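Residue-level structural notes
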Amino acid sequence: RSRRGGTGRDRGDTGSTMDPPSTAGLGGADPQLQRFIEVETQKQRFQQLVHQMTELCWEKCMDKPGPKLDSRAETCFVNCVERFIDTSQFILNRLEQTQKSKSAFSESLSD
């Protein structure tokens, strides 16, 4: 966790003085802090996706680990990763469509 500015007094803390702004409402928080939190959250989500994909594809494609990947396992990994990405993209698109439909529906109700 990086901290902008400061005198270094916070480094010995357990973080309790810096944690409440990130858990409380961020409406009035520093825009740079909000952006930092958004970026870190996106990084965390990406790492979780990579972890899920690695675990799934490893279980699916690795029969017996060895010093090299055989062509079957390599092909399996490539296909697994591509299908994982396709599926993730499909789900995101579907969620966006659902969200747009809900907002359009609620707007038509308020007219």
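Being a predicted model, the structure only gives us computed values, none of them experimental.

Grouped together as the largest cluster of nonpolar side chains are 9 residues: Met53, Cys57, Cys61, Met62, Ala73, Cys76, Phe77, Cys80 and Phe84. Secondary-structure elements contributing two or more residues to this core are helix H2 (31-61) and helix H3 (71-110). Top contributing element to this core by residue count: H3, with 5 residues.

Let us look at the environment of Ser88. Summarising the element assignment, Ser88 is placed in helix H3. Taking relative accessible area as the criterion, Ser88 reaches 23% and is therefore assigned partly exposed. Along the backbone, Ser88 and Leu49 are 39 residues apart, and their C-alpha atoms lie at a distance of 9.1 Å.

All chains considered together, the criterion is met by 5 salt bridges. Arg35 serves as the salt-bridge partner of Glu38, at 3.4 Å between the closest nitrogen and oxygen. With Glu38 and Arg35 both in helix H2, this residue pair falls 3 residues apart, about one helical turn. Its relative accessible area of 42% is what places Glu38 among the partly exposed residues. One salt bridge in this structure joins Arg83 and Asp86, with 2.8 Å as the shortest N-O distance.

With that out of the way, let us pick up the packing of H2 against H3. Between H2 and H3, whose axes approach to 9 Å, the crossing angle comes to 140 degrees. By the angle class used here, H2 and H3 are oblique. Judged by the twist between their axes, the crossing of H2 over H3 is right-handed. Packed against H2, whose contacting residues are Leu49, Gln52, Met53, Leu56, Cys57, Trp58, Lys60 and Cys61, the element H3 presents Arg72, Ala73, Cys76, Phe77, Cys80, Val81, Phe84 and Ser88 at the interface. Classifying every residue of the contact of H2 with H3 gives 12 nonpolar, 2 polar and 2 charged.

Reading the values: the criteria
Residues numbered from 1 in each chain as written. Predicted model: local features only at pLDDT ≥ 70, side-chain atom pairs only at ≥ 80, totals over all residues. Heavy atoms only, no water. Core = buried A, V, L, I, M, F, W, Y, C linked by side-chain atoms within 4.5 Å. Buried < 20%, exposed > 50% of the residue type's maximum accessible area, 1.4 Å probe, protein only. Helix = DSSP H or I, 4+ residues; strand = E, 2+ residues; numbered from the N terminus. Salt bridge = Lys/Arg side-chain N within 4 Å of Asp/Glu carboxyl O. Axes fitted to C-alpha atoms, helices over the stretch in contact; angles between N-to-C directions. Parallel < 35°, antiparallel > 145°, perpendicular 65-115°, else oblique. Left-handed = near helix turned anticlockwise from the far one by under 90°. Contact = heavy atoms within 4.5 Å. Nonpolar A, V, L, I, M, F, W, Y, C, P; charged D, E, K, R; others polar.

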